[in-house]
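Notes for the structure review
What follows is the residue order along each chain.
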Amino acid sequence: MPFFTHVQTADEAQALIVDLAGAGLRRLDALGRHLGPAPLGLDPERKEIWWAAPDCEAWAVESTTPGRFLDLISERADPAWADEPLARADYQRILDALLPTAGSARHAERLSARQDG
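So, how was this worked out
- Residues numbered from 1 in each chain as written.
- Predicted model: local features only at pLDDT ≥ 70, side-chain atom pairs only at ≥ 80, totals over all residues.
- Heavy atoms only, no water.
- Helix = DSSP H or I, 4+ residues; strand = E, 2+ residues; numbered from the N terminus.
- Buried < 20%, exposed > 50% of the residue type's maximum accessible area, 1.4 Å probe, protein only.
- Contact = heavy atoms within 4.5 Å.
- Areas by Shrake-Rupley, 256 points an atom, 1.4 Å probe, with all protein chains shown as cover.
- Polar contact = N/O pair within 3.5 Å; in protein donor to acceptor, adjacent residues only side chain to side chain.
- Expected span 1.5 Å × (residues − 1).
- Arc of directions from axis to C-beta.

The next thing to look at is the overall build of the protein. The secondary structure content of the protein amounts to five helices and five strands. If you list the helices and strands of the protein from N to C, you get β-α-β-α-β-β-β-α-α-α. When the 117 residues of the protein are sorted by exposure, 39% land in the buried category. The long-range fraction of contacts in the protein, counting pairs at least 24 apart against all pairs at least 6 apart in sequence, stands at 48%. Per element, the accessible surface of the protein, about 6,700 Å² overall, is 53% carbon and sulfur.

Below, the structure is given as structure tokens:
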């Protein structure tokens with residue numbers, strides 16, 4: 001279920017994400033660097049993506065589904081993420097949470113074709 005709130009600092013945002021997502025949270029730092037200064041994490045058990053970003057004088061803490069987050073990556077991410085192996089590995093973790101193995105492999109092939117072409 002998507003979540004949204006504001007907190008005052010980046011540290012509070014990160015702590016809130018850890019509290020809400022729990023121990024299963026996997027940090028996606030490499031991909032997160034291409035989306036700005038936002039901490040980014042995947043909760044594979046609940047199939048949610050968590051992130052925090054500056055919003056005026058506060059920090060927004062949000063969650064969404066992996067599918068919606070793939071749309072956000074295409075809309076907001078620096079295109080250089082596709083050239084960075086660690087960012088691609090983070091992207092693959094999102095696909096693995098979202099898609100069955102066969103679908104994930106097909107999507108990875110399309111990503112590879114995008115890089116080559």
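Here the narrative resumes.
Here we take up the environment of Arg46. With respect to the helices and strands, Arg46 occurs in the loop between strand S3 (40–43) and strand S4 (48–55). Separated by 51 residues in sequence, Arg46 and Ala97 place their C-alpha atoms 9.1 Å apart. Here the side chain of Arg46 touches Asp43 through a polar contact of 3.1 Å, side chain to side chain.

The next point concerns helix H4 (residues 85–98). Relative to the 20 Å expected for 14 residues at 1.5 Å per residue, H4 spans 20 Å between its end C-alpha atoms, a close match to the ideal helical length. Residues Ala87, Asp90, Tyr91, Ile94, Leu95 and Ala97 constitute the buried set of H4. Buried residues of H4, seen end-on, are gathered within an arc of 165° and therefore sit on one face of the element. The exposed set on the far side of H4, more than 90 degrees from its buried face, consists of Pro85 and Leu86.

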